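Residues per chain are reported as follows:
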2 protein chains.
Amino acid sequence: MKLYDLKNGLNPRRVRIFLAEKGITIPSIDVDMVKGENKGEKYLAINPMGTMPVLEFDDGTYLAESIAICRYFEELQPNPPLFGTTPLERARIEMWNRRMELEIQLPIQDVFVHLNPFWAGRRPQVSEYGRVRQAQLLERMAWLNRELGERAYIAGETYTVADITAQCAFVMGRATGSKIPDDLTNLVRWYNLVLSRPSARA
Amino acid sequence: MKLYDLKNGLNPRRVRIFLAEKGITIPSIDVDMVKGENKGEKYLAINPMGTMPVLEFDDGTYLAESIAICRYFEELQPNPPLFGTTPLERARIEMWNRRMELEIQLPIQDVFVHLNPFWAGRRPQVSEYGRVRQAQLLERMAWLNRELGERAYIAGETYTVADITAQCAFVMGRATGSKIPDDLTNLVRWYNLVLSRPSARA
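Our subject in this report is the structure included herewith. What you see is a predicted model, and the numbers here were worked out from it, not measured in a lab. Numbering of residues starts from 1 in every chain and runs along the sequence as written. Lettering for chains starts from A, numbering for ligands starts from 1, and both go in the order in which the items are written. Totals for whole chains, interfaces and linings use all residues, but because this is a predicted model, local features are given only for residues with pLDDT of at least 70 and pairs of side-chain atoms are given and counted only at 80 or more.

**So, the relation of the copies chain B and chain A**
A rotation about some axis, followed by a shift along it, carries one copy of the chain onto the other.
Here is step 1: For the least-squares superposition of copies, only C-alpha atoms count, and only for residues with pLDDT at least 70 in both. Rotating chain B by 180° about the axis while translating it 0.0 Å along that axis superimposes it on chain A, leaving an RMSD of 0.0 Å. Put plainly, the chains are arranged around a two-fold axis. Taking C-alpha positions as reference, the residue of chain B nearest the rotation axis is Y129 of chain B, located at 3.3 Å.
Here is step 2: Each residue is represented by a C-beta atom placed from its backbone, and any two residues with such atoms within 7 Å are regarded as in contact. Taken as a fraction of all interface residues of chain B, those also at the interface in chain A reach 100%, which identifies the copy contact as same-surface.

Okay, here's the thing in structure tokens:
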């Protein structure tokens, strides 16, 4: 197996942290997005979406989408469990992971894509939309801060894939104009807690 | 158990079709979104996101997010399988389900929210962004049309949750300004095929 990776990408980091938590090492290739390698014919044949990460199997087939890759490894190696251990626990962790994607990751990405000069000329930018998303993100961070007043981690008292999703979103947010406000003390506490794990450097 | 539903909602329809395919019936309550019931204190205590569907358990706890609800029922009643039967198959179906959400459902929702008069005064509308998403959606539909030249269903030769996601997105699209163009004949063929299933009327 081989992983098509992107060092600073939000989604590739999710998979790297997931694998580090599992203690799984697989060879990887960094795709050069700045040079447009991910939009070249060769890479689009691997993943028509032009996104990373992608897992290449030894038979030459591919699996894209971070969570699809994570789920695959969760099934191959269930310990430590990151998606839960009972049907109800798995469903609740799925709910929280999706909330982190929809309510935190997507607005952080939208603020980056629509307001950051990095994307000028690379993708259509609509600054008014970026500002709408910025306001929504602030509301969502305040909500998440309240939730984290009640438990240690996003989905409960243990670290799960929902924490990985949220932490990678906030790592990108910090670098692209969506820092966690200092007065959201529960969220700051949680962020420092997850960043202190060795896997955070994966 | 009880389901908080929304008759014309995209996500509630995903769960209804999923349950119909499984032959599962549970009582439901329609939340009146036009009257703002989903933004009232009572409903926000059930789901702070104010979205439907939500599954209420007999112990008074709740599960939100359509796919979390679907996964829960897949585990309770594995047949017919709609998320796959092996780790690799499950991972591939997950990939296709996510592609349908990210590349088809989200742009269709964005076109609706940002270009349709229904949302005027209800949510911030950025028409320029709606047009960007409209153009992206056309590209994605053309890509999906090519993919469906190679197989009967979205993720392979059987009907799965990825078809449910895509079909519910296109049902909303048809009603809100994102119809499938007639010349995308594979996509039209697939759409008629999935709509012919009895569950499509759930």
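**A look at the interface of chain B and chain A**
Here is step 1: Each side of the interface is counted separately: chain B has 26 residues, and chain A has 26 residues.
Here is step 2: Secondary structure is summarised from DSSP: a helix means a run of H or I of at least four residues, a strand means a run of E of at least two, and numbering begins at the N terminus for each. Among the secondary structure elements, those contributing two or more residues to the side of chain B that touches chain A are β4 (62-64), α3 (66-76), α4 (87-115) and α5 (127-147) of chain B.
Here is step 3: Broken down by element, the residue count for the side of chain B that touches chain A peaks at nine residues, all from α4 of chain B.
Here is step 4: Looking at the side of chain B that touches chain A, its residues break down into 17 nonpolar, no polar and nine charged. Following the grouping adopted for this structure description, the nonpolar residues are Ala, Val, Leu, Ile, Met, Phe, Trp, Tyr, Cys and Pro, the charged ones are Asp, Glu, Lys and Arg, and the polar ones are all others, Gly among them.

**Brief notes about the sheet that holds β4 of chain B**
Strand pairing in a sheet is mediated by backbone hydrogen bonds. Such pairs are either parallel or antiparallel.
All names here are of chain B.
Here is step 1: With respect to topology, four strands assemble into an open sheet ordered β2-β1-β3-β4, the strand pairing being mixed. Whereas interior strands pair on both sides, the edge strands pair on one side only; in this sheet they are β2 (28-30) and β4. Averaged over neighbouring strand pairs, the angle between their axes works out to 20° when direction is ignored.
Here is step 2: Here, strands pair whenever DSSP counts at least two bridges between them. Looking at chain direction, strand β1 (residues 2-5) and β2 are connected through three bridges and run parallel. Across the sheet, D5 pairs through a bridge with D30, a residue of β2. Angles shown run from 0 to 180 degrees and are taken between the N-to-C directions of axes, each axis being a line fitted to C-alpha atoms and, for helices, limited to the stretch in contact.

**Some remarks on unusual backbone geometry**
Here is step 1: Of note, the bond from N79 of chain A into P80 of chain A is cis; its omega dihedral lies within 30 degrees of zero at -10°.
Here is step 2: With respect to the helices and strands, P80 of chain A occurs in the loop between α3 (66-76) and α4 (87-115).
Here is step 3: Residue P53 of chain B is reached from M52 of chain B by a cis peptide bond, and omega for that bond is 0°.
Here is step 4: Mapped onto the elements of the fold, P53 of chain B is located in the loop between α2 (41-46) and β3 (54-56).
Here is step 5: Residues other than glycine seldom take positive phi values, yet E65 of chain A does so here, at roughly 80°.
Here is step 6: Within the element layout of this structure, E65 of chain A appears in the loop between β4 (62-64) and α3.
Here is step 7: Counting other C-beta atoms within 10 Å of a residue's C-beta gives its exposure: the residue is buried at 20 or more, exposed at 12 or fewer, and partly exposed in between, where C-beta atoms are placed from the backbone. Overall, the presence of 26 C-beta atoms within 10 Å leaves E65 of chain A in the buried class.

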